[in-house]
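Here is how the chains run, residue by residue.
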Amino acid sequence: MLKFAASIALSTTILLSSAPAFAGGREIPNDMRPCRSGNGPAVKVEIEGLKEAAGKVRVQSYRGTKDEWLKSGAWLYRIEVPVSAKNMTFCLPFNQAGEYAIAVRHDLNGNGKTDITSDGGGMSNNPSINIFNLGKPSFKKTKFAIGNEVKSIRITMKYM
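Residues numbered from 1 in each chain as written. Predicted model: local features only at pLDDT ≥ 70, side-chain atom pairs only at ≥ 80, totals over all residues. Heavy atoms only, no water.

1. Brief notes about the state of the cysteines
So, point 1. What the rule picks out here adds up to one disulfide.
So, point 2. There is a disulfide in this structure between Cys-35 and Cys-91, and the S-S distance comes to 2.1 Å. Residues Cys-35 and Cys-91 share a disulfide whose torsion about the S-S bond is about 95°; that sign makes it right-handed. Of this pair, Cys-35 sits in the loop between strand 1 (26-27) and strand 2 (42-48) while Cys-91 sits in strand 5 (residues 88-93); the two residues are 56 residues apart in sequence, bridging distant segments of the chain. (Disulfide = S-S within 2.5 Å. Helix = DSSP H or I, 4+ residues; strand = E, 2+ residues; numbered from the N terminus.)

Take a look at the structure:
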């Protein structure tokens, strides 16, 4: 349990980082229009298993590369909204086809801090998180390819 808590702590710390090492992305509203059939490239992200309908959820997209995955300020798009249900759906557009990855963080009490015993996280392809990868699975385990279509993915949240 402690190993998992440490990995979640590192994952959520990475997602909370605000000092960009890269040029940084753009915060956008959760607009589902780019995920309508015939649009794209975009990814429809279905998040399952939010612990409670409380706090805030942050969904960030990254290029699926070793140099950018979970690096501070390297995210492309960010959606941050109050949690309204235990399962929520988001739409993240992309400028071009390519390989991308998604990271999700649930700040259960909405305090903007990492609370190891309550906050949760998840990533595209739902990789396992453990002490050996320190909560940062390889970009190879989280990336997915997208063409000019709308791709649907599911992310299952993990908590201590």
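2. Some remarks on the packing of aromatic side chains
Working definition: an aromatic ring pair is given by the centre-to-centre distance plus the angle between the planes.
So, point 1. This model, assessed by the stated rule, comprises two aromatic pairs.
So, point 2. With a centroid separation of 3.9 Å and 25° between ring planes, the pair formed by Phe-94 and Tyr-100 is classed as stacked.
So, point 3. Residue class for Phe-94 comes out buried when judged on its relative accessible area of 6%.
So, point 4. Accessibility expressed as a relative area gives 6% for Tyr-100, which makes it buried. (Phe/Tyr/Trp six-rings, centres within 6.5 Å; stacked < 30°, edge-to-face > 60°. Buried < 20%, exposed > 50% of the residue type's maximum accessible area, 1.4 Å probe, protein only.)

3. So, the nonpolar core
So, point 1. Counting 24 residues, the largest nonpolar core has Val-45, Ile-47, Leu-92 and Ile-102 as its most contacted members.
So, point 2. Membership of the second largest hydrophobic core comes to 10 residues, among which are Tyr-62, Ala-74, Ala-101 and Met-123. (Core = buried A, V, L, I, M, F, W, Y, C linked by side-chain atoms within 4.5 Å.)

4. Examining the pairing of strand 6 (residues 98-107)
So, point 1. Buried residues dominate strand 6, accounting for eight of its 10 residues.
So, point 2. With eight bridges connecting them, strand 3 (residues 56-63) and strand 6 associate as antiparallel partners. Counterpart to Arg-63 in the pairing with strand 6 is Tyr-100.
So, point 3. The pairing of strand 6 with strand 8 (residues 144-146) spans three bridges and is classified as antiparallel. Paired with Glu-99 across the strands is Ala-145, a residue of strand 8.
So, point 4. Note that strand 6 and strand 7 (residues 120-123) share four bridges and pair antiparallel. Along strand 7, the bridge assignment pairs Ala-103 with Met-123. (Pairing = 2+ DSSP bridges.)

5. Remarks on unusual backbone geometry
So, point 1. Here the residue pair Gly-40 and Pro-41 is connected by a cis peptide bond, since its omega of 0° sits within 30 degrees of zero.
So, point 2. With respect to the helices and strands, the residue Pro-41 is situated in the loop between strand 1 and strand 2.
So, point 3. In the Ramachandran plot, Leu-70 falls in the positive-phi region, its phi being about 60° despite a non-glycine side chain.
So, point 4. Mapping Leu-70 onto the fold places it in the loop between strand 3 and strand 4 (77-82).
So, point 5. Judged by relative accessible area, which is 4%, Leu-70 ranks as buried.
So, point 6. For Asn-125, which is not glycine, the phi dihedral falls at a positive 70°.
So, point 7. Along the polypeptide, Asn-125 turns up in the loop between strand 7 and helix 2 (139-142).

6. Focus on the pattern of salt bridges
Where charged atoms of side chains with opposite charge meet at close range, the side chains can pair.
So, point 1. Scanning the model with the defined rule gives nine salt bridges in all.
So, point 2. A salt bridge links Glu-46 to Arg-154; the nearest nitrogen and oxygen atoms lie 3.3 Å apart. Residue Glu-46 is found in strand 2, and its partner Arg-154 is found in strand 9 (residues 150-156); the two are separated by 108 residues along the sequence.
So, point 3. The network of salt bridges with shared partners includes Glu-46, Glu-48 and Arg-154. (Salt bridge = Lys/Arg side-chain N within 4 Å of Asp/Glu carboxyl O.)

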